[in-house]
Amino acid sequence: MKHMPPSDSENKDTKKRATVLLWMGFICICVVISVLGTLKLSKGKLGEAENQENAIAANECLNQAFGQTANGTIIFPEDYAGAYIDGGHLVLLLTDISEEATEKYRNWTGEYSSCLTFKKAKYSYHELSEKLGSIVEKLKEDGYEVTSSAVSETENAVSIGLFKCESAEASKLAKSLSETFGVRVLVSEVIYTTECVETE
């Protein structure tokens, strides 16, 4: 039997089928790549969440190791300046980050010590909290209305909020207080209200 060349319509159908099959293959490949990418991201997020849980557990170990006063206030070591969680790491701010100083923190956190990161800080938490009351007292004596005051661990500073304090005045005041008390002081305007606001 003699083989006959395909007709034009058969050629067009074959090309259409080939094009459709190519597109379907391309779409399937895209779906597979997308699913694999999603699985990889999910796995990464699970790992990050687990690391964050370890950082939280490390912080809890430290709080237990530090001890507490009778009223439940944590007693921080002299070189401790604060802590915060960054991704899966517990970042400890210390005034001394020598191997000897950091070793005790590693020992206190035990199995969670691998998530510790150490950063040098200028002032200890104890030093900042000791100056906090005196700074607030000085501001009140000078006629300022203090709306908030705290030790900012991440800023390694005393943070003060004042009612009606312009930015330029706050900057000058922060500099003056820092020089007077020998620690870093941050001052900002903090507005509070006791009025209720009605919405329609």
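Residues numbered from 1 in each chain as written. Predicted model: local features only at pLDDT ≥ 70, side-chain atom pairs only at ≥ 80, totals over all residues. Heavy atoms only, no water.

**Considering the sheet that holds strand β4 (residues 146-152)**
We count it as follows: Any two strands with at least two DSSP bridges between them are considered paired. Put simply, DSSP marks the helices as runs of H or I at least four residues long and the strands as runs of E at least two long, and each gets a number from the N terminus on. Angular values range over 0 to 180 degrees, each being the angle between N-to-C directions of two axes fitted as lines to C-alpha atoms, with helices fitted over their stretch in contact. The contact criterion used is simple: two residues touch if any of their non-hydrogen atoms lie within 4.5 Å.
Read from one edge of the open sheet, three strands run β4-β5-β6, paired in mixed fashion. Lying at the two open borders of the sheet, with one neighbouring strand each, are β4 and β6 (185-189). Looking at each pair of strands side by side, their axes are set apart by 15° on average, direction ignored. Pairing of strand β5 (residues 157-162) with β6 involves five bridges; the strand directions are parallel. The partner of Ser159 across the bridge, within β6, is Leu186. Seen against the sheet, helix α3 (residues 125-141) touches β4, β5 and β6 and runs at an angle of roughly 165° to β4. Seen against the sheet, helix α4 (residues 167-181) touches β5 and β6 and runs at an angle of roughly 155° to β6.

**A short note on the pairing of β4**
Sheet topology note: the β4/β5 ladder contains six bridges and is antiparallel. Note on β5: the bridge partner recorded for Ala150 is Ser159. In this antiparallel pair of consecutive strands, β4 and β5, the connection spans four residues, and Asn156 shows a positive phi of 50°.

**A word on the nonpolar core**
Generally speaking, a soluble globular protein has its nonpolar side chains buried in company with each other. Here is the rule: By nonpolar core is meant a set of buried Ala, Val, Leu, Ile, Met, Phe, Trp, Tyr and Cys residues that side-chain atoms within 4.5 Å join together. Throughout, exposure labels follow a simple rule: accessible area from a 1.4 Å probe, protein chains only, divided by the maximum for the residue type, with under 20% read as buried, over 50% as exposed, and the rest as partly exposed.
Counting 20 residues, the largest nonpolar core has Ile135, Ile160 and Val187 as its most contacted members. Only α3, β4, β5, α4 and β6 provide two or more residues apiece to this core. Discounting chain neighbours no more than four positions away, the residues touching Ile160 are Leu132, Ile135, Val136, Leu139, Val146, Ser148, Ser149, Val185, Leu186, Val187 and Ser188. In terms of nonpolar packing, the next biggest core, distinct from the first, is built from 13 residues, Ala55, Leu62, Leu94 and Tyr105 among them.

**Comments concerning the sheet that holds strand β3 (residues 116-120)**
Backbone hydrogen bonds are what pair the strands of a sheet, in a parallel or an antiparallel way. Overall, mixed pairing links the three strands, which are arranged β1-β2-β3 in an open sheet. Strands with a single pairing partner mark the edges of an open sheet, and in this sheet they are β1 (80-86) and β3. Sheet twist, expressed as the mean angle between neighbouring strand axes with direction ignored, is 25°. Running at roughly 150° to β3, helix α2 (residues 99-109) makes contact with β1, β2 (89-94) and β3 of the sheet.

**Topic: the side chain of Thr102**
When you line up the elements, Thr102 lands in helix α2. Ignoring any residue separated from it by four or fewer positions in sequence, one finds Thr102 in contact with Leu94, Ile97 and Phe118.

**Structural notes on α3**
Put simply, the rule reads: Each residue after the first adds 1.5 Å to the expected span of a helix. The bend reported for a residue corresponds to the angle between axes fitted to the seven residues ending at that residue and the seven starting there.
With 17 residues, α3 extends 25 Å from end C-alpha to end C-alpha; this agrees with the ideal 24 Å at 1.5 Å per step. Maximum bend of α3: about 30°, positioned at Leu132. Where α3 is concerned, the buried positions are Leu128, Leu132, Ile135, Val136 and Leu139. Those residues of α3 that are buried lie in contact with β4, β5, α4 and β6. At the exit of α3 stands Gly143, carrying a positive phi of roughly 90°.

All we've got here are geometric facts, nothing functional implied.
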